[in-house]
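One-letter residues, chain by chain:
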Amino acid sequence: MGRNPKSKNPFLRPGSNVWWIRYTVNGKQERESTKTTVYAEAVKLRDRRKGEIAAGKYHGRDIERITLGDLLRDLEKDYIDRGCSSLPALRSYQKHLLPALGDIRASRFGTDDFNEYRRRRLGEIVESGGEKTTINREIQALRAAWNLALRHDPPKVNRHFYFSLYDESSNVRTGFLEEAGYQALKVELPGHLRPLLVVGYFVPCRLGELLDLEWRQVEFIPTPGKIILEPGTTKNKLARAMGMIGEMRETLLMQKSIRDARFPDCRYVFFNEEGERIGSFRKAWASACKRSGVAIGKEDQKLLFHDLRRSAARNMRRAGIDRSVIKRIGGWKTEAMFLRYNIIDERDFVEAARKMEFYRAQERSQGAISTESSTVGEKSLPKGSPANSGNLLQ
C-alpha cells in the first residue's frame with residue numbers, strides 16, 4: 001500500500017485500506033471504490049475514468065447500474081407513449097429476452113452474451129419447429145431498446161453495439177391464394193371468421209387494421225359502399241379508404257344484421273361468438289387450411305392471413321387498377337415497399353410472354369406489308385429517278 005498523496009485522489013476512507021477515487025461527471029462529483037489496496041492500480045483507474053469522461057464515454061456510476069431489463073422496459077414505455085400498435089408483439093418478445101438477459105448490466109453486455117442468447121434461442125426454435133425470423137424480431141426489439149438508450153439525455157449506454165441478424169433471404173413468402181382455395185377455405189372456417197376472410201381476400205388490409213375496424217368506419221351508402229381507415233389506425237398512421245368489392249357488401253350487411261340482432265353494443269365489425277372483438281385465431285385458421293388443403297408457393301408454404309394482402313394486391317393489378325391507386329389503398333408509401341410484396345406470379349410471366357409473341361407477330365406482319373409496298377413502289381419508278389440512282393449525292 002502506497003502513501004496517501006496531498007491531492008487525496010486516490011484517497012483512503014477511515015478504517016479502510018482500499019483506495020477510492022473522485023471525479024466530476026456532468027457537473028456532479030462522484031466517488032468510486034477502486035477495489036484495490038495497490039496505490040498504482042488506483043491511479044490507473046483514476047486516469048482511465050478521467051480519459052473516458054473527457055472523451056464523452058463515461059457518464060457516471062448510475063449508468064453502470066443500468067441493466068438490459070431497464071432498457072427493454074424503457075422501450076415498452078416509449079411504445080405506450082407513442083401508441084405503437086406493435087406493443088403486444090414487443091411484450092411477447094420480452095417474455096424471452098427478460099429472463100435470459102434482463103439482469104445483465106448494459107455496461108458489461110458483450111458479444112459473448114449476445115451470441116449465447118442467439119444459440120440458446122435457436123435450439124429452442126428448432127425444437128419447437130419455429131423459424132429464425134422469430135429470433136430476429138427479438139433481436140430487433142433489443143436493438144431498438146439499445147438505440148433508445150443511446151438517444152437518451154444523458155445517454156444510458158455509452159457505446160454502440162452490433163446486433164447481427166440471421167439471414168432471411170430464403171424465407172421470402174411466395175405464392176397467392178387463388179379463387180378455388182379461397183372458396184374451399186371459406187367453407188372450412190368457423191362462421192365468425194368467414195367475414196374476415198372475405199374482406200381480407202378482396203382488399204389489401206393488414207390483419208390488425210381489420211380486427212380494429214368499427215362500424216362507424218363502414219359506409220353502405222352510396223352503393224357499393226366503402227371502408228374507411230382513419231388516421232392513426234393504420235401502420236403508417238395515414239388514412240385510407242377502399243370500396244366494397246365482390247362479396248364484401250353482402251357479407252358486411254349480413255354481419256351488421258347479426259350484430260344488430262344479437263350484440264347491439266358491439267362496436268367492432270368482426271366479432272366472435274360472444275360478440276367480442278376477435279382475438280388470436282391461429283389454431284382455427286391452421287385447422288381450416290389443413291382440412292381445405294390450401295397451401296401456397298412452390299414449397300407448399302402454410303397460408304398466413306397476411307398472404308391475403310399480397311393476393312388482393314395481385315388481383316387488383318390483374319384487374320387493370322393503376323399501381324398508384326393500389327399503393328394508396330394498401331398503404332404502401334414507396335415503390336420499393338410495394339415491390340417487396342412480390343405481387344407477380346408465374347401466370348403473369350406466361351401472360352407477358354404471350355403478349356410479346358402477339359406483338360412480334362404484328363411487327364412481322366407489318367414489316368412484310370411494308371417490304372412488299374416498297375418493292376412495288378420501286379418497280380413503278382422510272383429509270384434515273386432518285387430512288388434508283390444509288391447515291392443521292394451523285
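Residues numbered from 1 in each chain as written. Predicted model: local features only at pLDDT ≥ 70, side-chain atom pairs only at ≥ 80, totals over all residues. Heavy atoms only, no water.

S.K.: Pulling in residues and values, what's your account of the overall build of the chain?
M.R.: Scanning the chain from N- to C-terminus turns up 15 helices and six strands. Taking contacts inside the chain between residues at least 6 apart in sequence as the whole, the part at least 24 apart equals 58%. A total accessible area of about 23,900 Å² is found for the chain, and carbon and sulfur atoms account for 53% of it. (Helix = DSSP H or I, 4+ residues; strand = E, 2+ residues; numbered from the N terminus. Contact = heavy atoms within 4.5 Å. Areas by Shrake-Rupley, 256 points an atom, 1.4 Å probe, with all protein chains shown as cover.)

S.K.: How would you explain the pattern of salt bridges if you had to name every residue and give the values?
M.R.: All told, the structure shown has 28 salt bridges when counted by the stated rule. Glu76 serves as the salt-bridge partner of Arg91, at 2.8 Å between the closest nitrogen and oxygen. In this pair, Arg91 is assigned in helix 4 (residues 87–101) and Glu76 in helix 3 (residues 68–82), connecting sequence segments 15 residues apart. Ionic pairing is found between Arg267 and Glu214, a salt bridge with its closest N-O pair at 3.0 Å. In this pair, Arg267 is assigned in the loop between helix 10 (248–262) and helix 11 (282–292) and Glu214 in the loop between helix 9 (207–211) and strand 4 (218–219), connecting sequence segments 53 residues apart. Classification of Arg267 as partly exposed rests on a relative accessible area of 46%. (Salt bridge = Lys/Arg side-chain N within 4 Å of Asp/Glu carboxyl O. Buried < 20%, exposed > 50% of the residue type's maximum accessible area, 1.4 Å probe, protein only.)

S.K.: Any chance you could break down the sheet that holds strand 5 (residues 226–229) for me, citing the residues and the numbers?
M.R.: In spatial order, the strands read 4-5-6; together these three strands make up an open sheet with antiparallel pairing. Two strands lie at the open edges of the sheet, namely strand 4 and strand 6 (240–243), each paired on one side alone. Sheet analysis places strand 4 next to strand 5, joined by two bridges and oriented antiparallel. Paired with Glu219 across the strands is Lys226, a residue of strand 5. (Pairing = 2+ DSSP bridges.)

S.K.: So, the pairing of strand 3 (residues 28–33): which residues are in play, and what are the values?
M.R.: Direction of pairing for strand 2 (residues 19–25) relative to strand 3: antiparallel, over a ladder of six bridges. Note that in strand 3 the partner of Ile21 across the bridge is Glu32. Hairpin connection between strand 2 and strand 3: a loop of two residues separates the two successive antiparallel strands, and Asn26 in this loop has a positive phi of roughly 55°.

S.K.: Lay out the sheet that holds strand 2 with the relevant residues and their values.
M.R.: Read across the open sheet, the three strands follow the order 1-2-3; overall the sheet is antiparallel. Whereas interior strands pair on both sides, the edge strands pair on one side only; in this sheet they are strand 1 (11–12) and strand 3. The strands that helix 1 (residues 39–54) touches are strand 2 and strand 3; relative to strand 2, the one it contacts most, it runs at about 10°. (Axes fitted to C-alpha atoms, helices over the stretch in contact; angles between N-to-C directions.)

S.K.: An account of helix 8 (residues 194–202) is requested, with residue identities and associated values reported.
M.R.: Most of helix 8 sits out of view: eight of its nine residues are buried. Here helix 8 has its buried residues at Pro195, Leu196, Leu197, Val198, Val199, Gly200, Tyr201 and Phe202. In the core, the buried residues of helix 8 are packed alongside helix 7 (179–188), helix 9, strand 5, helix 10, helix 11 and helix 12 (307–318).

S.K.: How would you summarise the packing of helix 12 against helix 13 (residues 323–330) if you had to cite specific residues and measurements?
M.R.: Look at helix 12 against helix 13: their axes get within 10 Å of each other, and the N-to-C directions meet at 155°. Judged on the interaxial angle alone, helix 13 and helix 12 are roughly antiparallel. For the pair helix 12 and helix 13, the sense of crossing is right-handed. Contacts from Arg309, Ala313, Met316 and Arg317 in helix 12 reach Ile326, Ile329 and Gly330 in helix 13. Of the residues belonging to the contact of helix 12 with helix 13, the class tally is four nonpolar, one polar and two charged. (Parallel < 35°, antiparallel > 145°, perpendicular 65-115°, else oblique. Left-handed = near helix turned anticlockwise from the far one by under 90°. Nonpolar A, V, L, I, M, F, W, Y, C, P; charged D, E, K, R; others polar.)

S.K.: So what's going on with the packing of aromatic side chains? Residues and values would help.
M.R.: As enumerated under the stated definition, the model contains 16 aromatic pairs in all. Seen in terms of ring centroids, Phe114 and Phe163 are 5.7 Å apart; in terms of plane orientation they differ by 85°. Their pairing is edge-to-face. Of this pair, Phe114 sits in helix 5 (residues 111–128) while Phe163 sits in the loop between helix 6 (132–151) and helix 7; the two residues are 49 residues apart in sequence, bridging distant segments of the chain. For the pair shown, Phe114 and Phe163 are each scored as buried. With centroids separated by 6.1 Å and ring planes inclined at 85°, the aromatic side chains of Phe281 and Phe305 adopt a geometry described as edge-to-face. Residue Phe281 is found in the loop between helix 10 and helix 11, and its partner Phe305 is found in the loop between helix 11 and helix 12; the two are separated by 24 residues along the sequence. Judged by relative accessible area, which is 11%, Phe281 ranks as buried. The structure contains a cluster of three or more aromatic residues connected by ring pairs, namely Phe109, Phe114, Trp146, Phe161 and Phe163. The residue whose ring lies beneath Arg13 is Trp20, and the NZ or CZ to ring-centre distance is 3.8 Å. We note Arg310 situated over the ring of Phe176; from NZ or CZ to the ring centre the distance is 5.3 Å. (Phe/Tyr/Trp six-rings, centres within 6.5 Å; stacked < 30°, edge-to-face > 60°. Lys NZ or Arg CZ within 6 Å of the ring centre and 35° of its normal.)

S.K.: An account of the packing of helix 5 against helix 6 is requested, with residue identities and associated values reported.
M.R.: With their axes 9 Å apart at the nearest point, helix 5 and helix 6 run at an angle of 145° to one another. Here helix 5 runs over helix 6; the crossing is right-handed. In this structure, helix 5 uses Phe114, Tyr117, Arg118, Arg121, Leu122 and Ile125 to contact helix 6, whose residues at the interface are Lys132, Thr134, Ile135, Glu138 and Ile139. Tallied by class, residues from the contact of helix 5 with helix 6 come to six nonpolar, one polar and four charged.

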